[in-house]
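What follows is each chain in one-letter form.
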Amino acid sequence: TREALSFLERRRSQPFFLYLAYNAVHGPMQAPEKYLSRFTAIQDERRRTYAGMLSALDDGVGAVLQKLRDAKLEETTLVFFVGDNGGPTPVTTSRNDPLRGFKGEVFEGGIRVPFLAQWKGRLTPGRVYEHPVIALDLHATALLAAAGSLPDKPKLDGVDLLPYVTGRAQGPPHDRLFWRFGERAAIRMADWKLVMPGEGPSQLYNLARDIGEANDLSASQPRKLKELEAAYEEWNRQLAEPRWLRGRASRSRKRASR
């Protein structure tokens, strides 16, 4: 936070890009007494430490936003806040209810995260945008906001979100979204989601009716299962082979696809 505030002070009269990646909340779970003392009512030591780290993060983000306000830069600065995966339940005692899973998995509890945007005078405050977006969209959105155009190459996976969140463009920004994390992968098309958890067969869920991914529909919806599997394989063929977490499950799936 200290370095970010110094940077904003130096660049306040020029265009700038600031990427601020906080360690909190993340392992190792540590917080100074200044923040632990705010949560003496929490008996669980890990939860109290978690709360202290989160409070420190809140203070840091608040200081950055206050700096923009004091410098009268709010109306010319696009701000994004994006969470780092779902909560890692065993480490922090966090819960992702009603979502299934946690950080490192491709169930909703691992990939559905807080995603906030602020641009005073351009974005309506307090509005909730319902269609799925992805962190890859930040690149295209920031480029178009700053430069007004996108490069021909490389082709970006993300899209400009501003027309959608301001109402100038209708419909969802994406007709499908993909995730691949070593041997784990997922694809979402509309309300349907295919999950390849890394161990065992693929699973199919309808998120509109089952946000907790409790009812696997792969057996009762074989055509939809094949549709999503084919869409995933078409996308996956464009990518390099995973270079990490290449365990037994990834090798088995590769053999099965041949």
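Data block above holds the structure.
Residues numbered from 1 in each chain as written. Predicted model: local features only at pLDDT ≥ 70, side-chain atom pairs only at ≥ 80, totals over all residues. Heavy atoms only, no water.

**Overview of the pairing of strand β4 (residues 184-189)**
Of all the six residues making up β4, five are buried; the element is thus mostly covered by neighbouring parts of the structure. Summarising the sheet, strand β3 (residues 177-181) and β4 pair through five bridges and their orientation is antiparallel. Residue pairing across strands places Phe181 opposite Arg184, the latter belonging to β4. What sits between the antiparallel neighbours β3 and β4 is a turn of two residues, in which Gly182 has the positive phi angle 60 degrees. Note: β4 against strand β5 (residues 192-196), five bridges, orientation antiparallel. Looking across to β5, one finds that Ala185 is bridged to Met196. Joining the antiparallel neighbours β4 and β5 is a turn of two residues, in which Ala190 adopts a positive phi near 55 degrees. (Buried < 20%, exposed > 50% of the residue type's maximum accessible area, 1.4 Å probe, protein only. Helix = DSSP H or I, 4+ residues; strand = E, 2+ residues; numbered from the N terminus. Pairing = 2+ DSSP bridges.)

**What about the sheet that holds strand β6 (residues 203-206)?**
Within the open sheet, the four strands sit side by side as β3-β4-β5-β6. Their pairing is antiparallel. Where the open sheet ends on each side, the last strands, each with one partner, are β3 and β6. Neighbouring strand axes in the sheet, compared pairwise and without regard to direction, differ in orientation by 15 degrees on average. Looking at chain direction, β5 and β6 are connected through four bridges and run antiparallel. From the neighbouring strand, Leu194 faces β6, where its bridge partner is Leu204. (Axes fitted to C-alpha atoms, helices over the stretch in contact; angles between N-to-C directions.)

**A closer look at the pattern of salt bridges**
Applying the stated rule across the entire model yields 14 salt bridges. Across the pair Arg2 and Glu3 runs a salt bridge, and its minimum N-O distance is 3.5 Å. Residue classification places Arg2 among the exposed positions, given a relative accessible area of 66%. We classify Glu3 as exposed; its relative accessible area is 54%. Among the salt bridges present, the one from Glu9 reaches Lys67, with a minimum N-O distance of 2.5 Å. Taken together, the residues Glu9 in helix α1 (residues 2-11) and Lys67 in helix α3 (residues 45-70) connect sequence positions 58 residues apart. (Salt bridge = Lys/Arg side-chain N within 4 Å of Asp/Glu carboxyl O.)

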